[in-house]
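Chains, contacts and geometry: an overview
The lines below spell out each chain.
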Amino acid sequence: MTATRTRVVYVGGTGRSGSTVLANVLGEVPGLVSVGEVRFLWERGILQNRLCGCGDHFADCPFWSKVLDRAFGPDDERRAEDRSTTARRMCRSLAERTRMRSLPSQVGRRQRAIDPELATTLGRLYEAIAEVAGAEVVVDSSKLPTYAVQLADVPSITVQVLHLVRDPRAAAHSWRRRRAQPDLGETALMERRGAAKSAVLWRIWNTALERMCRSRGLEYRLLNYESFVADPRGELRRLLRGFALLAPSQLDPVLDELFEAPDVVRLSSNHTVAGNPARHHHGSVALVPDDEWRDRLGAADRRLVSVLTWPTLPRFGYRARV
Ligand SMILES: [Zn+2]
């Protein structure tokens, strides 16, 4: 176990909620580094060698090479086990502990129950990310509630959970859209999901994340995507202050530097390991509401999503009728 704990801000919730952009905006704050959906590092990074946010393939990215060398030693023939063997084992171990079936047993659990090897590997990995980036806080947008619990169980990691929620009708529309996935080649498309599946997962994941954080006493903040894009600077300021990510005297100078206009941020290149294609955007990026669903999501799908999510809608700030 390390002497100091690695601090992780975990962006949790469901897909297509704007977590990629939010995490990358956070990564611009001094002392914070945004590295994408770290739970996919083993599969999409090490085994599949997909693109890093910087545009290099994972194996060629100098940032991740340094991180892995620092965490696990150089990947050469003298090692007892090569990196892909470790990665395959981590994939299996994480898949078993983060799958849907494990949810009921994890929701009310208060005790740490992590596998010691998983704890050591994740502890080393996040510590190395912080060290190589020269950051005090690692921003991980892995989203999955069950992975948040695994991280919270690592003795050398402290997790603060930022729960990002978006109107389930907007998320359902986004899951149906055809969008390119440059990670997998020029003609590849992102995964698509029907309205019913999107709505059911929205309800299960969001409810589970909130309950898990409460039962485990994790530091937690809820943020609605719609509030964030309506007032990005104000919401970011509240978040940085609420999680004590910056000294109060630093808040305005840092935000002045980051925001070119009330709804435009300047993003630099990043080393995000997986996530929405928006992670490759840098330079001046506008944070504008995406409410295409109001015109494009049909009445039947809108009703279906509302019915499947209605018991939890008010809890997250949404109305059943839209
Ligand atoms: Zn990179």
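These notes cover the structure that comes with them. (Residues numbered from 1 in each chain as written. Predicted model: local features only at pLDDT ≥ 70, side-chain atom pairs only at ≥ 80, totals over all residues. Heavy atoms only, no water.)

For the rest of this paragraph, the subject is the coordination of the zinc ion. Within the protein, the atoms that donate to the zinc ion are Cys-52 (SG), Cys-54 (SG), Cys-61 (SG) and His-271 (ND1), at distances of 2.1 to 2.4 Å. Because the angles between the four donor atoms bound to the zinc ion fall within 96 to 118°, the donor set is best described as tetrahedral. Each donor residue of the zinc ion belongs to the same chain, and together they define the spacing C-x1-C-x6-C-x209-H. Highlighted residues: Cys-52 in the loop between helix 2 (41–47) and helix 3 (62–72) and His-271 in the loop between strand 7 (264–267) and strand 8 (283–286), separated in sequence by 219 residues. Looking at Cys-52, the relative accessible area reads 0%, which means it is buried. On the basis of relative accessibility, which here comes to 25%, the residue His-271 falls in the partly exposed class. (Donors = N, O, S within 2.8 Å, 3.2 Å for Na, K, Ca; no water. Tetrahedral: all angles 85-135°; square planar, octahedral: opposite > 155°, others 65-115°. Helix = DSSP H or I, 4+ residues; strand = E, 2+ residues; numbered from the N terminus. Buried < 20%, exposed > 50% of the residue type's maximum accessible area, 1.4 Å probe, protein only.)

Our focus in this paragraph is the state of the cysteines. Under the definition given, this model contains zero disulfides. Of the cysteine sulfurs around Cys-91, a residue in no disulfide, the closest is that of Cys-52, at 17 Å. On the accessibility criterion, Cys-91 (22% relative accessible area) is partly exposed. (Disulfide = S-S within 2.5 Å.)

Attention now moves to the nonpolar core. Of all hydrophobic cores here, the largest spans 53 residues; its most connected members are Trp-64, Leu-125 and Tyr-126. Residue contributions to this core peak at eight residues, all from helix 6 (residues 116–133). Residue contacts for Leu-125: discarding those within four places in its chain leaves Val-38, Leu-41, Trp-42, Val-67, Leu-68, Ala-71 and Phe-72. Within the second largest apolar cluster, 31 residues are counted, among which are Ala-23, Val-254, Phe-259 and Val-285. (Core = buried A, V, L, I, M, F, W, Y, C linked by side-chain atoms within 4.5 Å. Contact = heavy atoms within 4.5 Å.)

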